[in-house]
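Each chain, letter by letter, is given below.
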Amino acid sequence: AREEKTCKVTGKTILKGKLMQINLIDGANFIVKEAISVGDSVVLDAKRKIIRTIALKERVEVVIINGKHVGEKGKILSIKEKSAEVQIDNNKVNINLENLMAV
């Protein structure tokens, strides 16, 4: 079985030589060459290598990681500034982007 883990990018620092350090929600840091935005998610394999990136954008599946809907899954319908309208089951809920993780 492949052990994959999805982590939200919580910070980034631009380094010399077109490199970027990204900080993940679990405390891990990675040096990457590709552009990854804060708020996006990265999928790590069992050896903790980044195998793909998931942008936090419209029509993406998300898990709510904080607030009263924590643990629920939904899909982003639209994004306005710092919040997103998320479809959870039959409900549309506005949730702060900080509380969403793309999966």
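Conventions we followed
Residues numbered from 1 in each chain as written. Predicted model: local features only at pLDDT ≥ 70, side-chain atom pairs only at ≥ 80, totals over all residues. Heavy atoms only, no water. Helix = DSSP H or I, 4+ residues; strand = E, 2+ residues; numbered from the N terminus. Buried < 20%, exposed > 50% of the residue type's maximum accessible area, 1.4 Å probe, protein only. Pairing = 2+ DSSP bridges. Axes fitted to C-alpha atoms, helices over the stretch in contact; angles between N-to-C directions. Salt bridge = Lys/Arg side-chain N within 4 Å of Asp/Glu carboxyl O. Contact = heavy atoms within 4.5 Å. Core = buried A, V, L, I, M, F, W, Y, C linked by side-chain atoms within 4.5 Å.

J.: Help me get a handle on the overall build of the chain, residues and values and all.
T.: From N to C terminus, the chain includes zero helices and 10 strands. Each helix (α) and strand (β) of the chain, taken in turn from the N terminus, gives the series β-β-β-β-β-β-β-β-β-β. In terms of principal-axis extent, the alpha carbons of the chain reach across some 45 × 35 × 20 Å. With 103 residues in all, the chain has 36% of them scored as buried.

J.: Describe the sheet that holds strand E1 (residues 5-14), listing the residues and the values that go with them.
T.: The five strands are arranged E3-E2-E1-E4-E5 in an open sheet whose pairing can be described as antiparallel. The open sheet is flanked by strand E3 (29-32) and strand E5 (50-54), the only strands paired with a single partner. When strand polarity is set aside, the average angle formed by the axes of neighbouring strands in this sheet is 40°. By the bridge criterion, four bridges tie E1 to strand E4 (residues 41-44) in an arrangement that is antiparallel. If you follow lysine 5 over to E4, its bridge partner there is leucine 44.

J.: Describe the pattern of salt bridges, listing the residues and the values that go with them.
T.: Between side chains of opposite charge, a pair can form as their charged atoms come close. Evaluation of the coordinates by the stated rule reveals four salt bridges. Across the pair glutamate 61 and lysine 75 runs a salt bridge whose closest N-O atoms are separated by 3.7 Å. On the criterion of sequence distance, the pair formed by glutamate 61 in strand E6 (residues 61-64) and lysine 75 in strand E7 (residues 73-80) is long-range, its members being 14 residues apart. The class of glutamate 61 is partly exposed, set by a relative accessible area of 39%. Under the relative-accessibility criterion, lysine 75 is labelled partly exposed at 35%. Beyond isolated ion pairs, a larger network of salt bridges with shared partners links Lys5, Asp26 and Arg48.

J.: Any chance you could break down the side chain of serine 78 for me, citing the residues and the numbers?
T.: Along the chain, the position of serine 78 falls in strand E7. Every residue in contact with serine 78, bar those within four places of it in the chain, is listed here: Glu58, Ser83, Ala84 and Glu85.

J.: So what's going on with the nonpolar core? Residues and values would help.
T.: Ranked by size, the top nonpolar core spans 15 residues in total, and within it Leu56, Ile76, Val86, Ile95 and Leu100 carry the most contacts. Those elements that provide at least two residues to this core are E6, strand E8 (83-88), strand E9 (91-96) and strand E10 (100-102). Element by element, the count of residues in this core is highest for E8, at three residues. Apart from residues no more than four positions distant in its own chain, leucine 56 is found in contact with Gly39, Asp40, Val62, Ile76, Ile79, Leu97, Leu100 and Ala102. Ranked by size, the runner-up nonpolar core spans 11 residues in total, among them Ile22, Leu24, Ala28 and Val42.

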